[in-house]
Amino acid sequence: MIDSPLALRNITRNIDKIDPESIEEYLKTDGYEALKKTLTMKPKEIVSIIRDSGLRGRGGAGYPTGLKWYFAANTQSDAKYVICNADEGEPGTFKDRILMEGDPFSLIEALTIAGYAIGSNKGYIYIRDEYRLSIRRLQNAIEKAQQSGYLGLNILGSGFDFDLEISIGAGSYVCGEETALFESLEGKRGEPRIKPPYPTESGLFGKPTVINNVETLVNIPLIVNRGADWFKEIGTECSPGTKIFTLSGDVARPGAIELPLGTTLRELIYEVAGGISSEEKLKMIQLGGAAGHCLSPDYLDISLDFDSLAVKGLSLGSGAILVLDESRSIIKTAYSLAKFFCHESCGQCTPCREGTLQQKEILGRILSKKSSEKDLELLERLSVSMVQTSLCPLGQTASLGISSAIKHFKEEFLSYSERGI
Amino acid sequence: MSKRIPKNFFPSETESYRKEQLKDTRVGLIIDGEKVWVPEGSTVLDAAREISKDIPTLCHHPKLSVSGSCRMCLVEVDQRGLQTSCSTIIQEDMVVHTETESVIAGRKQALKLLLSDHPLDCLTCEMAGNCKLQDYAYRYQVTGTEIEGRQRGYLDDDSNPFIYREFDKCINCTQCIRMCTEVQGIGALTVEGSGFFVKVTTEGDVPLQDSPCVFCGNCITVCPTGALTAKPSRGLARTWEREKTLTVCPYCGVGCAIYLETKNGRVVGVEPANGPANENLLCVKGRFGWDFIQHQDRLTDPLIRKDGELVPVSWEEAIRYTAKKLKEYDSEALGVLSSAKCTNEENYLLQKFTRMVLGTNNIDHCARLCHASTVAALAEVFGSAAMTNSIAEIEDAKAIFIIGSNTTESHPVIGLRVKAAVRKGAALVVADPRGIELARWAEELGDRGVWLRQRPGSDVALLNGLLHVLIRDNLIDEAFVAERTEGFNEVRELVKEYTPERTARITGIPEEKLVKAAHLYGEAETASILYAMGITQHTTGTDNVAAIANLAMATGNLGKENAGVNALRGQNNVQGSSDMAALPNLLPGYRKVSDPTARKQFADAWGLEDLPSEEGLTVVKMMEAAHAGVIKAMFIMGENPMVSDPDTNHVREALNNLDFLVVSDIFLTETAMLADVVLPSASFAEREGTFTNTERRIQLIRKAIEPVGNSKSDWEIISDLAKAMGYDFAYENPKEIMLEIASLVPAYAGVRYQDLGTQGLQWPVPYEGHPGTNYLHRDGFARGKGLFKAIDFIPPVEEPDENYPLVLTTGRILYHYHTGSMSRRVEALDWLVKEGYIEIHPERAKELGVTDGELVKVSSRRGEIVTRARVVDVTDRDTVFMPFHFAEAAANVLTHRELDPKAKIPEFKVSAVRVEKVE
């Protein structure tokens, strides 16, 4: 964690403070107080608190968490599921890993509360294989919680049963997409499903399912303990709460930090991360991971909250911030993004399967200065069709980094193209 | 062949969800300014097609789950932007535009991308002219050169003779995968790899022949490009040069509609047609089994044996000679075998010829060897001897009980209906001594399936045992039994003895499985029984069928949709040849020859005083009479008793003992080789007429090519022969013969060629214009009340003993057909299964010291043969199985001639044999 006077330590309050493998230490820091409180309340009341808090999903889309819970709670079914999406695969993003390694019990408590709220007795944590330490700590936490009566049958004598299982992914980026994740959890090839139906109606095994990101979930015990009003005081009106940003690239102090939503990029880069690490000037910021937009320094004063970004057609994504200085090549950056998506496309739908290859081929041509005039135009047209017609969010966003790079750094692209002709 | 239910066979969560959304209530939306009302839960694509909007699709198929991956079916929805119409569920007052600028741009872009890596070899591509990609490229004027692409560079797979695979032409629409998984229930195909390099292929990318593929070719049917093509047709004709003739598959009794494709008088391929039985599906034989038609072995000229040699002669000479010879014998010395491969018209004509010209009832055909017991039993208990319900109804049964039918191999396309029912949630009970595909499926289904592995020949005990449980557990439809049937009390009394415990002892089936099966069958709202030769080919065949009828009547599963007693008939026209009375005891329409009124009616129609009144000889009896010298001359049309009949050595002696044998056939079969006169017959592709399939559907077969050589249709041959013998058989065409049939057979009374169209008609068709009958006994049984028959178990005639310790059971396999005269001349089928074999259980094989692929000697009291061992876990350790298609390793050398006393059907399913290693 980056040390900064701007930093808040709400969801990261236990990180590096307690022994993440000890339930006793967790209990000493108000651990499981939220669950105890929850079990005295009606599920509906819990859902209301979460709705009132205005908590929005931290996985990228920013969908209101309480609304998801509300829909799932109101769908009748013999079985429902709660899933934690811990398949953190967005390049430059490591916030979930920090939370799971440093405070696994919070996540487990949150999932248990979610289960109670929507009427589910079974939860899964879908986690990427590379997160060995997280897996070990979560497994340990689940066992300890079971032994102490916080998981399993008749939790704390309430009559509520809930258990958790860890499911390990096999390294596919697209399995972070919720419906592909369901397919993978069901033992099938991890390809996204067509929506609707949405998970709250028909998710895992066709049952109503709430699927939340790790960071979203760890907010839950805090909100239950401290109340919706407390939560709403942090951040902005439409984006309450904090967000963990992960900074990488040419900054003096890369790393993760928890900040209120609404912090500006300038504050983040210059105050928190100590500015550019070299003598060069800031050239480009990519916001939100590989699928995020590549921005010029003109955007430094934008407020990092869901709505301010949406107005400009941008997205917070996972909260990853990649900072590049003037020594970096935009073309090379775009090419590496293209390579990434070409590798990660599942191949199911035409625009993404063919489009991600074309992006890579064209950028490869530009990079080797063999491109023609038409190539930039082609990239832009490709982007439009990928955004508009791809089946899942992967394809819909696989061109955003590249098209925004072209938009903001057109000169550089043109110079490569011209030299190539 | 895989025997497991493939992964992803059952509807996905999304698919089930979509089905649940579909309601009867209609919702209105606006498409291109036009208001359209469609059922709630429909997709935009459904709605648009309702008003004939031509929305392009590459991955959509109405029979398959929604994929939504090609992105061609884009439409623009107000407030929502571009949506794929195949996956977007309509909403009240939705406003949809199907061809806006952005829609077209999206489609064009998808096409450009697809074509960027597509080999643009349309000049030589097999599918040019019938390729959706090509059509859409034309429609949107995309040339394929817009985007510089690269090809994946996968090598073609031409390692099997059925399906040619060009991976670089694959657009990953996955229709083939979904067809193979969801419809065919095989799951041989999958997606390998990811992103640009995805490859639609087998798991592990092995050749098809090393995968569970059954070569049905249904993947070819749905492939929108040239990625999958029928190898035997490649290079023979461009798609636009192919003349298509709608006709009916000549193999089994399912009666699949096919298009026979020809160019310049040569057959170049088969495509499935949307017939009521098959709905565009086919099996390996229907799709690929056509190259026998113009095979070099076809008989082209009549042959007469001169100095021991068969030499070509003119038709005049052959007919004159045959007529002269036949006239030399008394009626009782003459015997005729008709053919279930021939048309209704030809069967009618041959029995007319036999009764009128030859003056005898000595006519029979292979129905004797397959469903004589069905005819005998069902005529007695229901009054009508046929499959009660329709093929399409099987799909909607809530439970299916299959007994003695290896449906997916013997009636493959009906097998698909069973799988479709399972996919929809039906329970499946399979009783079979062999671990056939559907038996394994039933086991895999858990709570809603069970496999009963009965000892061969113990079916009556099994069926009685099931009825016992149904009565014990109050699963009887008492109202149906009381109102619609008679004789139940005796049955109730008799089956008291068949407790699960005793039944288990006789059949070898565990008690709990019996109880489970009875409940799955008895508790279903509609339950359908399918059975075939495993039931009928026993000395107790008639009993077996009657016991099945008991079960169905007791549970009220008759006279209603999606239920019934469904005899699956083996030959393409075995139902029709029985209807036409190519039988020794019946006149057309199942009237008894002993009935003077019936005889009078036919005699009047044929301008005779009377007809022979004495019942004639059945197939096996005819052979015995020939052996004994009582029958001296025979006319055999399109049958091959040298392979098909039991106890081959005896048949050979019998035929050799004849004075005079005439055979009409398309090939010089094992039987024709023994003949004095051989008449070259035209194949189904060269003649007209009708076939009646197993569900009583009378369908037109249409002439696609001119007869090979000087061959003639059998109706012409019979007419010429009758004329030469002084009788006026003056028919212009088969249509005229059908009019005569209609005037004499009530079930066919309304059959007119012009009404048969593409759908045919299911009998009874009591009057002209009648729509046909999809299920029988709706308002009452044909005989009035359904008759329960109390039937006790009798063990098979030949049980294993010290000398012959194993039970041999025989049957059909997927890749061959009957005596092999057609299928073994099909190059591709021959490549796949070249020779006969015997299935031996691994434990038994070990005991015998026999390994897989080794030669073994199989002997019975009748004879011995040498064949190859196939060591597989299909039969149990006391049973062995042999397919009966292979003359050089003929299973029927081993079978015995003991007959069912009523139906006179031989017991092909149980013979005692010994298997020894050949040193």
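Rules behind the numbers
- Residues numbered from 1 in each chain as written.
- Chains lettered and ligands numbered in written order.
- Predicted model: local features only at pLDDT ≥ 70, side-chain atom pairs only at ≥ 80, totals over all residues.
- Heavy atoms only, no water.
- Contact = heavy atoms within 4.5 Å.
- Buried area = accessible area lost by both parts, 1.4 Å probe.
- Salt bridge = Lys/Arg side-chain N within 4 Å of Asp/Glu carboxyl O.
- Polar contact = N/O pair within 3.5 Å; in protein donor to acceptor, adjacent residues only side chain to side chain.
- Helix = DSSP H or I, 4+ residues; strand = E, 2+ residues; numbered from the N terminus.
- Domains from an automatic or database assignment.
- Expected span 1.5 Å × (residues − 1).
- Buried < 20%, exposed > 50% of the residue type's maximum accessible area, 1.4 Å probe, protein only.
- Patch = residues over 30% accessible without salt bridge, like charges linked within 9 Å, V, L, I, M, F, W, Y side chains within 5 Å.
- Areas by Shrake-Rupley, 256 points an atom, 1.4 Å probe, with all protein chains shown as cover.
- Lys, Arg positive; Asp, Glu negative; His and termini not counted.
- Charge placed at Lys NZ, Arg CZ, Asp CG, Glu CD.
- Nonpolar A, V, L, I, M, F, W, Y, C, P; charged D, E, K, R; others polar.
- Axes fitted to C-alpha atoms, helices over the stretch in contact; angles between N-to-C directions.
- Parallel < 35°, antiparallel > 145°, perpendicular 65-115°, else oblique.
- Left-handed = near helix turned anticlockwise from the far one by under 90°.

Draft legend 1. Molecular detail of the interface of chain A and chain B. With 37 residues of chain A at the interface, the matching set in chain B holds 35 residues. Around 2900 Å² of area is buried between chain A and chain B when both sides are counted, 54% of it from carbon and sulfur atoms. When the buried area of chain A at its contact with chain B is split by residue, Ile194, Arg353 and Glu354 of chain A rank highest and sum to 19% of it. Counting across the chain A and chain B interface gives one salt bridge. Counting every contact that joins chain A to chain B gives twelve residue pairs in polar contact (both at pLDDT 80 or more). Elements represented by at least two residues in the side of chain A that touches chain B include exactly α13 (330–344), α14 (350–367) and α15 (374–389) of chain A.

Draft legend 2. Main features of the domain arrangement of chain A. Residue and element names in this part refer to chain A. Under the domain assignment used here, chain A contains domain 1 (23–231), domain 2 (242–325) and domain 3 (330–415). Just the C-alpha atoms count here: the centres of domain 1 and domain 3 sit 34 Å apart. Listed by partner, the interface residues are 13 residues for domain 1 and nine residues for domain 3. Buried area between domain 1 and domain 3, both sides added, is near 830 Å², and the carbon and sulfur share of it is 70%. Together, Tyr173, Val174 and Pro192 form the three largest contributors to the area buried by domain 1 at its contact with domain 3, with a combined 52%. Scanning the region where domain 1 abuts domain 3 turns up zero salt bridges.

Draft legend 3. Local environment of helix α16 (residues 459–472) of chain B. Across its 14 residues, α16 of chain B extends 20 Å between first and last C-alpha, which sits within 8% of the 20 Å expected from 1.5 Å per residue. For α16 of chain B, a buried count of 13 out of 14 residues is recorded, marking the element as mostly surrounded by other parts of the structure.

Draft legend 4. Main features of a negative patch on the surface. Residue and element names in this part refer to chain B. A cluster of acidic residues, Asp330, Glu332, Glu614 and Glu615, forms a negative patch on the protein surface. Along the chain, the position of Glu332 falls in the loop between α8 (315–327) and β15 (334–337). For Glu332, a relative accessible area of 55% corresponds to the exposed category.

Draft legend 5. Just the domain arrangement of chain B, in detail. All names here are of chain B. Domain annotation for chain B reports domain 1 (151–288), domain 2 (303–370 + 574–762), domain 3 (372–567) and domain 4 (806–917). Placing a centre on the C-alpha atoms of domain 2 and another on those of domain 4 gives a separation of 30 Å. In this assembly, 20 residues from domain 2 lie in contact with 21 residues from domain 4. Approximately 1900 Å² of surface area, both sides summed, lies buried where domain 2 meets domain 4, with 62% of it carried by carbon and sulfur atoms. Ranking the residues of domain 2 by area buried against domain 4 places Val643, Asp647 and Phe667 at the top, with a combined share of 28%. The tally of links from domain 2 across to domain 4 stands at two salt bridges. Summed over the shared surface of domain 2 and domain 4, the result is twelve residue pairs in polar contact (both at pLDDT 80 or more). Among the secondary structure elements, those contributing two or more residues to the side of domain 2 that touches domain 4 are α10 (367–370), α25 (619–627), α26 (641–644) and α27 (648–656). For the side of domain 2 that touches domain 4, a count of residues per class yields six nonpolar, seven polar and seven charged.

Draft legend 6. Highlighting the pattern of salt bridges. Residues and elements named next belong to chain B. Applying the stated rule across the entire model yields 91 salt bridges over all chains. Close ionic contact of Arg423 with Glu15 constitutes a salt bridge, the shortest N to O distance being 2.9 Å. Here Arg423 is found in helix α14 (residues 412–423), whereas its partner Glu15 is found in helix α1 (residues 13–21), with 408 residues between them in sequence. For Arg423, a relative accessible area of 12% puts it in the buried group. Of the residues examined, Glu15 reaches a relative accessible area of 10% and is grouped as buried. Here Arg752 ties to Glu768 by a salt bridge, and the two come within 3.4 Å at their closest N and O atoms.

Draft legend 7. Molecular detail of the packing of helix α3 (residues 43–53) of chain A against helix α6 (residues 104–118) of chain A. Residue and element names in this part refer to chain A. Look at α3 against α6: their axes get within 7 Å of each other, and the N-to-C directions meet at 120°. With respect to their mutual orientation, α3 and α6 come out oblique. Crossing hand, α3 versus α6: left-handed. From α3, Pro43, Ile46 and Val47 reach across to α6, where they touch Ile113, Tyr116 and Ala117. For the contact of α3 with α6, a count of residues per class yields six nonpolar, no polar and no charged.

Draft legend 8. Highlighting the side chain of Arg368 of chain B. Residues and elements named next belong to chain B. Locating Arg368 in the fold gives a position in helix α10. Taking the relative accessible area as the measure of exposure, Arg368 reaches 7% and is therefore buried. In this structure the side chain of Arg368 is engaged in a polar contact, spanning 2.6 Å, whose partner is the side chain of Asp364. The residues touching Arg368, leaving out its near neighbours within four places in the chain, are Leu583, Pro584, Thr618, Val619, Ala903, Lys904, Ile905 and Pro906.

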